[in-house]
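Topology and contacts: notes
The lines below spell out each chain.
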Amino acid sequence: MSRPRNYQTQAIVIKQIKIGEFDKLLTLYTAEFGKLKAIAKGACRPRSKLGGNVEPLTYSSMSIARGRNLDIITQGQIIDGFPELKAELWNISCSFYIQELVDLFTMENSANPTLFELLLETLHQLPKATNKETVLRYFELHILNCSGYRPQLQKCVRCTAPLKSTTNFFSPREGGILCPLCAEKEYGAYPISATALKTMRLWETCDCDTARRVKLRPALASELAQILQNYIKYLLQKESKSISWLEELKRSSFDNPPRTH
Amino acid sequence: MSFLIEPVDRLIREFSKLPGIGPKSAQRLTYYLLKEPDEEASALAEAIQNLKKDIRLCSICFNITDRDPCSICQSKERDHSTICVVEKPSDIAPLERTGKYKGLYHVLHGTINPAQGTTTENLKIKELLSRCQNGSVKEVIIATNPNMEGETTSLYLQRILTPLDITITHLARGLPFGSELEYADDMTLNQAIEGRQKFKQ
Ligand SMILES: [Zn+2]
Ligand SMILES: [Zn+2]
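Residues numbered from 1 in each chain as written. Chains lettered and ligands numbered in written order. Predicted model: local features only at pLDDT ≥ 70, side-chain atom pairs only at ≥ 80, totals over all residues. Heavy atoms only, no water.

1. Description of the domain arrangement of chain B
For chain B, the assigned domains are domain 1 (6-54) and domain 2 (57-198). For domain 1 of chain B versus domain 2 of chain B, the distance between C-alpha centres works out to 34 Å. (Domains from an automatic or database assignment.)

2. Brief notes about the coordination of the zinc ion (ligand 1)
Residue and element names in this part refer to chain A. Within the protein, Cys-156 (SG), Cys-159 (SG), Cys-179 (SG) and Cys-182 (SG) serve as the donor atoms for the zinc ion (ligand 1), at 2.3 Å. If you look at the zinc ion (ligand 1), its four donor atoms make angles of 102 to 115 degrees with each other, and the shape they trace is tetrahedral. One chain supplies every donor for the zinc ion (ligand 1), spaced along it as C-x2-C-x19-C-x2-C. The exposure class of Cys-156 is buried, given its relative accessible area of 1%. (Donors = N, O, S within 2.8 Å, 3.2 Å for Na, K, Ca; no water. Tetrahedral: all angles 85-135°; square planar, octahedral: opposite > 155°, others 65-115°. Buried < 20%, exposed > 50% of the residue type's maximum accessible area, 1.4 Å probe, protein only.)

3. So, the domain arrangement of chain A
All names here are of chain A. Examined at the domain level, chain A breaks down into domain 1 (6-80) and domain 2 (85-251). Just the C-alpha atoms count here: the centres of domain 1 and domain 2 sit 29 Å apart. Listed per partner, the contact involves 20 residues of domain 1 and 20 residues of domain 2. Taken over both partners, the interface formed by domain 1 and domain 2 buries close to 1,700 Å², and the fraction arising from carbon and sulfur atoms is 61%. Linking domain 1 with domain 2 are three salt bridges, by the criterion used here. One salt bridge in this structure joins Lys-35 and Asp-103, with 2.9 Å as the shortest N-O distance. (Contact = heavy atoms within 4.5 Å. Buried area = accessible area lost by both parts, 1.4 Å probe. Salt bridge = Lys/Arg side-chain N within 4 Å of Asp/Glu carboxyl O.)

4. Focus: the sheet that holds strand S3 (residues 79-86) of chain B
All names here are of chain B. Here four strands make up an open sheet; going across it, the order is S4-S3-S5-S6 and the pairing parallel. The open sheet has two free edges, formed respectively by strand S4 (103-107) and strand S6 (167-170), since each of these has just one partner strand. Neighbouring strand axes in the sheet, compared pairwise and without regard to direction, differ in orientation by 25 degrees on average. Across four bridges, the pairing between S3 and strand S5 (residues 139-142) is parallel. By the bridge assignment, Cys-84 is partnered in S5 with Ile-141. Along the sheet, helix H6 (residues 125-132) makes contact with S3, S4 and S5, crossing S4 at roughly 150 degrees. (Pairing = 2+ DSSP bridges. Helix = DSSP H or I, 4+ residues; strand = E, 2+ residues; numbered from the N terminus. Axes fitted to C-alpha atoms, helices over the stretch in contact; angles between N-to-C directions.)

5. Comments concerning the interface of chain A and chain B
On the side of chain B, 25 residues touch chain A, which itself brings 30 residues to the contact. Considering only the surface of chain A that becomes buried against chain B, A:Leu89, A:Phe96 and A:Trp245 emerge as the three largest contributors, covering 22% of it. Across the chain A-chain B interface, the total number found is six residue pairs in polar contact (both at pLDDT 80 or more). Mapped by element, the contributors of at least two residues to the side of chain A that touches chain B are strand S1 (6-19), strand S5 (71-80), helix H2 (89-105) and helix H9 (241-252) of chain A. Sorting elements by how many residues they give to the side of chain A that touches chain B places H9(A) first, with six residues. Taken together, the residues of the side of chain A that touches chain B sort by class into 13 nonpolar, eight polar and nine charged. (Polar contact = N/O pair within 3.5 Å; in protein donor to acceptor, adjacent residues only side chain to side chain. Nonpolar A, V, L, I, M, F, W, Y, C, P; charged D, E, K, R; others polar.)

6. Things to note about the pattern of salt bridges
Residue and element names in this part refer to chain A. Taken as a whole, this structure holds 21 salt bridges over all chains when the rule is applied. The salt bridge partner of Lys-15 is Asp-103, with a shortest N-O separation of 3.2 Å. On the criterion of sequence distance, the pair formed by Lys-15 in strand S1 and Asp-103 in helix H2 is long-range, its members being 88 residues apart. Using a relative accessible area of 14% as the deciding quantity, one classes Asp-103 as buried. Shared partners join several salt bridges into a network, and the residues in it are Glu-133, Arg-137, Glu-140, Glu-247 and Lys-250.

7. Some remarks on the confidence of the model for chain A
Scored by pLDDT, chain A has a mean of 91; 96% of the residues are at 70 or more. With pLDDT under 50 throughout, residues 254-261 of chain A is counted as low confidence; its partners more than four residues away or in other chains account for 18 contacts. (pLDDT = per-residue confidence, 0-100.)

8. Structural notes on the coordination of the zinc ion (ligand 2)
Tetrahedral metal sites with four donors have an ideal angle of 109.5 degrees; octahedral sites with six donors have ideal angles of 90 or 180 degrees. Residue and element names in this part refer to chain B. Distances from the zinc ion (ligand 2) to its protein donors, Cys-58 (SG), Cys-61 (SG), Cys-70 (SG) and Cys-73 (SG), fall within 2.3 to 2.4 Å. Between the four donor atoms coordinating the zinc ion (ligand 2), the angles at the centre fall across 104 to 115 degrees, so the site counts as tetrahedral. Read in sequence order, the donor residues coordinating the zinc ion (ligand 2) give the pattern C-x2-C-x8-C-x2-C. Note that Cys-58 is positioned in the loop between strand S1 (56-57) and strand S2 (64-65) and Cys-70 in the loop between S2 and helix H4 (71-74), a separation of 12 residues in sequence. Owing to a relative accessible area of 3%, Cys-70 belongs among the buried residues under this scheme.

9. Some remarks on the sheet that holds S5(A)
Residues and elements named next belong to chain A. Within the closed barrel, the five strands sit side by side as S1-S2-S3-S5-S4. Their pairing is mixed. The mean inter-strand angle of the sheet, taken between neighbouring strand axes irrespective of direction, is 50 degrees. Pairing of strand S4 (residues 59-65) with S5, which is carried by seven bridges, proceeds in the antiparallel orientation. Its bridge partner being in S5, Tyr-59 is matched across the sheet by Asp-80. Helix-sheet contacts for helix H3 (residues 113-128) involve S1, strand S2 (23-30), S4 and S5, and the interaxial angle to S1 is about 65 degrees.

10. Concerning the state of the cysteines
All names here are of chain B. For the coordinates displayed, the defined rule picks out zero disulfides over all chains. Looking at Cys-84, it has no disulfide partner, and the nearest cysteine sulfur is the one in Cys-61, 11 Å off. Since its relative accessible area comes to 3%, Cys-84 is described here as buried. (Disulfide = S-S within 2.5 Å.)

11. A short note on the packing of H2(A) against helix H8 (residues 218-236) of chain A
Residue and element names in this part refer to chain A. Following both chains from N to C, one finds H2 and H8 inclined at 40 degrees, their axes separated by 11 Å at the closest point. On the basis of the axis angle, H2 is oblique to H8. Crossing hand, H2 versus H8: left-handed. Contacts between H2 and H8 pair Tyr-97, Leu-101, Leu-104 and Phe-105 from the former with Gln-229, Ile-232, Leu-235 and Leu-236 from the latter. Partitioning the contact of H2 with H8 into residue classes produces seven nonpolar, one polar and no charged. (Parallel < 35°, antiparallel > 145°, perpendicular 65-115°, else oblique. Left-handed = near helix turned anticlockwise from the far one by under 90°.)

Here you go:
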């Protein structure tokens with residue numbers, strides 16, 4: 001959908017770059033237009049009316065004017081500032097990762113309402129969850145699904161044979177599961193336990209609220225993290241910067257460690 | 001801009017790189033200097049050159065200084081048991097102008113911003129930690145900016161400083177002077193209500 005000269009939209013700010021002394025270039029994610037870039041003029045001035053309304057990790061209703069090069073935000077009003085999310089280090093850090101993935105998996109001006117809903121829901125679920133890693137895994141699986149990279153989990157991607165309840169293999173290159181026979185010929189596929197596969201299939205069909213209530217053993221949690229993150233890394237051809245930060249936080253949590261599982 | 005002679009064009013381009021100076025202002029400044037006596041232009045050039053030559057970072061607080069340790073860190077008048085943590089050197093002047101703060105500073109030189117690859121490694125955080133571990137520091141005031149990166153940095157500092165036996169505080173949040181309630185965002189209003197205060201008797 002193309003944008004009118006002046007338009008209203010409800011957007012989540014997923015990224016900001018400061019321009020000059022007082023302006024910001026924002027990356028927004030909206031249901032109607034997908035990813036957008038827009039300038040918030042004077043947003044860094046102390047008395048700016050935009051100020052906190054256009055901070056990253058804020059869901060706001062915005063009035064935007066189409067500019068020659070870049071759109072310009074003329075007004076903003078917070079719908080949800082996610083205060084619980086911002087009050088805790090582990091929560092903020094997880095949301096950095098979520099925002100980065102949304103940015104990396106999307107192109108400008110291509111609407112994806114499912115992804116928008118997923119983003120909003122994940123930001124609501126994060127502070128409520130005791131096992132935040134599950135929320136991240138659920139998000140990873142679903143952003144893959146709604147960006148056209150849904151991993152094939154039902155049958156072997158190579159020979160289409162139904163998968164047996166045993167250790168199968170995940171191939172990032174093929175984008176799904178290989179049966180043990182086909183995996184022999186595939187370089188770069190790694191084992192996936194029957195339980196991990198079952199968990200991913202469950203996550204495909206249930207909502208995030210249900211997913212985060214299912215307790216995972218630490219070994220299973222880290223297996224799932226590895227499978228999903230290797231696949232994402234393969235698709236993006238790079239390591240996410242925020243995931244490195246999450247790792248650093250986990251390592252440095254000598255006092256009050258984040259509950260990761 | 002090829003119709004301009006090279007020295008004029010060059011200075012205009014240099015001026016335009018400065019914050020808040022557009023091409024128009026850069027032109028105005030350049031032509032102004034052209035009209036001024038030679039001494040004026042030389043004085044400006046010299047001031048700019050000396051700015052970088054004699055300036056380094058204080059080895060204690062990492063503020064910019066022309067001598068090491070800086071005058072604040074050396075001062076006997078100041079309270080050496082209190083450290084105010086700021087993001088950048090230019091945050092110190094406004095705090096000094098208030099005349100209210102008598103402690104020392106610590107400049108982080110940035111904020112935690114994982115998406116842009118700035119993490120604790122790039123900031124003077126280890127240095128802050130070791131300053132706080134020598135036993136003489138009683139209070140750390142975290143004065144990072146009240147935005148996402150500033151908050152993240154503040155939360156991280158709270159976490160690593162908490163095990164030490166020191167008081168950790170942050171600057172009060174709320175409505176800026178001269179602003180209007182009607183236009184304040186919800187986050188600011190929340191903080192202003194939570195941080196409300198009794199009138200001083
Ligand atoms: Zn097969
Ligand atoms: Zn100093």
